[in-house]
Amino acid sequence: MAGSVALLVAFLAVFLATKGPDSPGTMDFGLLSDLAAKGDLAKLVTAQLGSGFLGLPVMMWLAIGVLAGFAVKVPMFPFHTWLPAAYSEAPSPVTMLLTGAMSKMGVYGLLRIALPIFGVQIAAMRTPLLVLAVATVVMGAWRPLRRRT
């Protein structure tokens, strides 16, 4: 549930940042993508929410929250801790739904929502994200080879 909360808080902050005296705020992802492409979203976020926290700009914190939320849904190492228990305890139809739909929704969210809105911030986190992606693939491949005792 922590991933969903991080996603909700990040997008709530984006909504509040786009809210002004003459604007009601928006969750229109197309409009947010356009604002981000022009650099206006970062200016709005900085103006409404401050310049940064712990040495990172607020936009970077929002991008981290969105990435953490979608990483739980993908599932990406080390955010995947819920998955083994869900697969082992769920009935077969639920397991098929988790595998067939939920994991793909996380990737879809990353590519369709997070990347257009937080493209600059995601590019800045390229190396850690690549390390996590490789760790996810390698650990997923090595796990079945673990010797049972």
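Residues numbered from 1 in each chain as written. Predicted model: local features only at pLDDT ≥ 70, side-chain atom pairs only at ≥ 80, totals over all residues. Heavy atoms only, no water.

Undergrad: Can you walk me through the overall build of the protein chain in this structure?
TA: Summing up its helical and strand segments, the protein chain has eight helices and two strands in all. For the protein chain, the sequential pattern of α-helices and β-strands runs α-α-α-β-β-α-α-α-α-α. Dimensions of the protein chain along its principal axes, counting C-alpha atoms only, are 60 × 30 × 25 Å. When burial is assessed residue by residue, the protein chain has 32% of its 149 residues classed as buried. (Helix = DSSP H or I, 4+ residues; strand = E, 2+ residues; numbered from the N terminus. Buried < 20%, exposed > 50% of the residue type's maximum accessible area, 1.4 Å probe, protein only.)

Undergrad: Where do I start with the side chain of T95 in this structure?
TA: Following the sequence through the fold, T95 ends up in helix α6 (residues 92-117). According to the relative accessible area criterion, T95 is buried, its value standing at 18%. Beyond its immediate stretch of four places on either side in the chain, T95 contacts A86, Y87 and A90. (Contact = heavy atoms within 4.5 Å.)

Undergrad: Even after reading the chapter, I still don't get the packing of helix α2 (residues 29-38) against α6, so can you show me in this structure?
TA: A pair of packed helices can be characterised by two numbers: the angle between their axes and the separation between those axes. Here α2 crosses α6 at 35°, and the two axes come no closer than 8 Å. The segment α2 lies against α6, with F29, L32, S33 and A36 engaging I113, P116 and I117. Each residue belonging to the contact of α2 with α6 can be placed in one class, and the counts come to six nonpolar, one polar and no charged. (Axes fitted to C-alpha atoms, helices over the stretch in contact; angles between N-to-C directions. Nonpolar A, V, L, I, M, F, W, Y, C, P; charged D, E, K, R; others polar.)

Undergrad: How should the packing of helix α3 (residues 40-49) against helix α4 (residues 58-73) be read in this particular structure?
TA: It is the contact of α3 with α4, at a shortest axis distance of 9 Å, that shows an interaxial angle of 105°. Considering the angle they form, α3 stands roughly perpendicular to α4. Of the residues in α4, those touching α3 at L41, A42, V45 and L49 are V58, M59 and L62. Considered class by class, the residues forming the contact of α3 with α4 number seven nonpolar, no polar and no charged. (Parallel < 35°, antiparallel > 145°, perpendicular 65-115°, else oblique.)

Undergrad: I keep staring at the packing of aromatic side chains and nothing clicks. Help me out?
TA: By convention here, two paired aromatic rings are described through the distance between centres and the angle between planes. Under the criterion given, the structure shown has two aromatic pairs. Ring centres 5.5 Å apart and planes at 65° place the aromatic pair F11 and F29 in the edge-to-face group. Remark: F29 occurs in helix α2 and F11 occurs in helix α1 (residues 2-18); sequence separation between them is 18 residues. A relative accessible area of 31% means that F29 is categorised as partly exposed. Measuring from ring centre to ring centre gives 6.4 Å for F11 and F118, while their planes differ by 55°; the resulting arrangement is tilted. One end of the pair, F11, is in helix α1; the other, F118, is in the loop between α6 and α7 (119-124), and 107 residues separate them in sequence. (Phe/Tyr/Trp six-rings, centres within 6.5 Å; stacked < 30°, edge-to-face > 60°.)

Undergrad: What exactly am I supposed to notice about the side chain of S33 here?
TA: Along the chain, the position of S33 falls in helix α2. Not counting the four nearest positions on each side in its chain, S33 is found in contact with P116 and I117.

Undergrad: Please explain α4 as it appears in this structure.
TA: Residue pairs spaced three or four apart in an α-helix point in one direction, given the helix's 3.6 residues per turn. In this model α4 runs 23 Å from its N-terminal to its C-terminal C-alpha over 16 residues, within 8% of the 22 Å that 1.5 Å per residue would give. Along α4, 13 of the 16 residues are buried, which leaves the element largely enclosed by surrounding structure. (Expected span 1.5 Å × (residues − 1).)

Undergrad: When you look at a nonpolar patch on the surface in this model, what are you seeing that I'm missing?
TA: Taken together, the side chains of F53, L54, L56, W61 and I64 present a nonpolar region at the surface, about 480 Å² in accessible area. The topology assignment puts I64 in helix α4. The class for I64 is partly exposed, based on a relative accessible area of 30%. (Patch = residues over 30% accessible without salt bridge, like charges linked within 9 Å, V, L, I, M, F, W, Y side chains within 5 Å. Areas by Shrake-Rupley, 256 points an atom, 1.4 Å probe, with all protein chains shown as cover. Salt bridge = Lys/Arg side-chain N within 4 Å of Asp/Glu carboxyl O.)

Undergrad: I keep staring at the confidence of the model for the protein chain and nothing clicks. Help me out?
TA: Detailed conclusions should not be drawn from predicted coordinates in areas where pLDDT is low. Here the protein chain averages 83 in pLDDT, and 95% of its residues register 70 or above. Within the protein chain, α7 carries the highest mean pLDDT (91), whereas helix α5 (residues 82-89) carries the lowest (71). (pLDDT = per-residue confidence, 0-100.)

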